[in-house]
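Spelled out from the first residue to the last, the chains are:
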Amino acid sequence: MTDKRTALVSGNWKMHENHFEALKLVQELAALVRAAALPEGREVSIHPPFTSIRTVQTAVETDHLPIALGAQNCHHEDRGAFTGEVSAEMLAKLNVAYVITGHSERRTHCGETDVDVRRKVDAILAHGMHPVICVGETLDERVAGDAAHRVREQVSAALSGRSGEVVGGVVVAYEPIWAIGTGETASVDDAEQMCATIREEVGRLAGAGAAAAVRVQYGGSVTPESAGALLAAPNVDGLLVGGASLDAERFVAIVRARA
Ligand code: PGA
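Residues numbered from 1 in each chain as written. Predicted model: local features only at pLDDT ≥ 70, side-chain atom pairs only at ≥ 80, totals over all residues. Heavy atoms only, no water.

J.: Just to check I follow, could you spell out unusual backbone geometry for this structure?
T.: Across the chain, the bulk of peptide bonds are trans and the bulk of non-glycine residues have phi less than zero. With a phi close to 50 degrees, Lys14 is a non-glycine residue in the positive phi region. If you trace the backbone, Lys14 turns up in the loop between strand 1 (7-12) and helix 1 (19-34). Notably, Glu17 is not glycine yet its phi reads approximately 75 degrees, a positive angle. When you line up the elements, Glu17 lands in the loop between strand 1 and helix 1. Exposure remark for Glu17: the relative accessible area of 19% places this residue in the buried category. (Helix = DSSP H or I, 4+ residues; strand = E, 2+ residues; numbered from the N terminus. Buried < 20%, exposed > 50% of the residue type's maximum accessible area, 1.4 Å probe, protein only.)

J.: Would you mind showing me how to read the pattern of salt bridges here?
T.: A pair can form between side chains of opposite charge whenever their charged atoms are brought close. Throughout the structure, instances matching the rule amount to 19 salt bridges. Here Lys24 ties to Glu28 by a salt bridge, and the two come within 3.2 Å at their closest N and O atoms. Remark: Glu28 and Lys24 occur in helix 1; sequence separation between them is 4 residues, near one turn of the helix. Overall, Lys24 belongs to the exposed group, its relative accessible area being 52%. Given the relative accessible area of 33%, Glu28 is considered partly exposed. Among the ionic pairs, Arg142 bridges to Asp190, the shortest N-O distance being 3.7 Å. With Arg142 in helix 6 (residues 139-143) and Asp190 in helix 9 (residues 188-206), the pair connects residues that are 48 residues apart, well separated along the chain. Exposure remark for Arg142: the relative accessible area of 26% places this residue in the partly exposed category. (Salt bridge = Lys/Arg side-chain N within 4 Å of Asp/Glu carboxyl O.)

J.: Would you mind going over the packing of helix 7 (residues 147-159) against helix 9 with me for this structure?
T.: Following both chains from N to C, one finds helix 7 and helix 9 inclined at 40 degrees, their axes separated by 10 Å at the closest point. Between helix 7 and helix 9, the angle falls in the class oblique. Our pair here, helix 7 against helix 9, has a crossing hand that is right-handed. Here helix 7 contributes Ala147, Ala148, Val151, Arg152, Val155, Ser156 and Leu159 to the contact with helix 9, which in turn contributes Met194, Thr197, Ile198, Glu200, Glu201, Val202, Arg204 and Leu205. Looking at the contact of helix 7 with helix 9 residue by residue, the classes come out as 9 nonpolar, 2 polar and 4 charged. (Axes fitted to C-alpha atoms, helices over the stretch in contact; angles between N-to-C directions. Parallel < 35°, antiparallel > 145°, perpendicular 65-115°, else oblique. Left-handed = near helix turned anticlockwise from the far one by under 90°. Contact = heavy atoms within 4.5 Å. Nonpolar A, V, L, I, M, F, W, Y, C, P; charged D, E, K, R; others polar.)

Written out as structure tokens, the structure is:
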């Protein structure tokens, strides 16, 4: 499709790769990315653990790689007595462009709520970065026919009351929880349908301009084999890739997948 938004393919490294391994992975990515131009209308971000961000930043900037730097989380305050936390302000100083927030693993393991996610989105935007806001339903919610309602609720909690211009610059990642790290990918139809629902909710909250501009990724067990068909879906504007992003060849195959 010629009129689609620039697709963002993001590698979420989760708690993998110490900084030596991260350097090796980014060097492998560099070699593959340099071998040929990225497909038109495609952007890439990688999201290492905090301890590797500086290392990856140096590699990306020194080599002028066409890869944006990302993080996986942040705290909503700029600074203070929050032992173990890292602020959006600190990430912005490392030239981080995209910050994942509300990932289901953080919602599940760290008790993050929709209210926490909203505060983090505030902080990410305040420091000029783009939030990648993860939303998605559990298997029980899907089986109960509650998936669209739950996803709309998460989108609204993060984005209500913001201007169309601001909302148009965010990324929403639809990640059905039952598809993360399980090898189960949502069907292209399911992914397309929920991404369209998210866009509709964005329109309701912030207007038609925001709905047309917002980028909606799909995430959950994406592979080089499934990437092309997902990227071809009209309302899917990119992919959030976990496991497959730890293998440079597989990740670059996803980045280059033909829509
Ligand atoms: P996965 O992870 O690709 O390993 O399923 C996706 C994610 O959690 O962002």
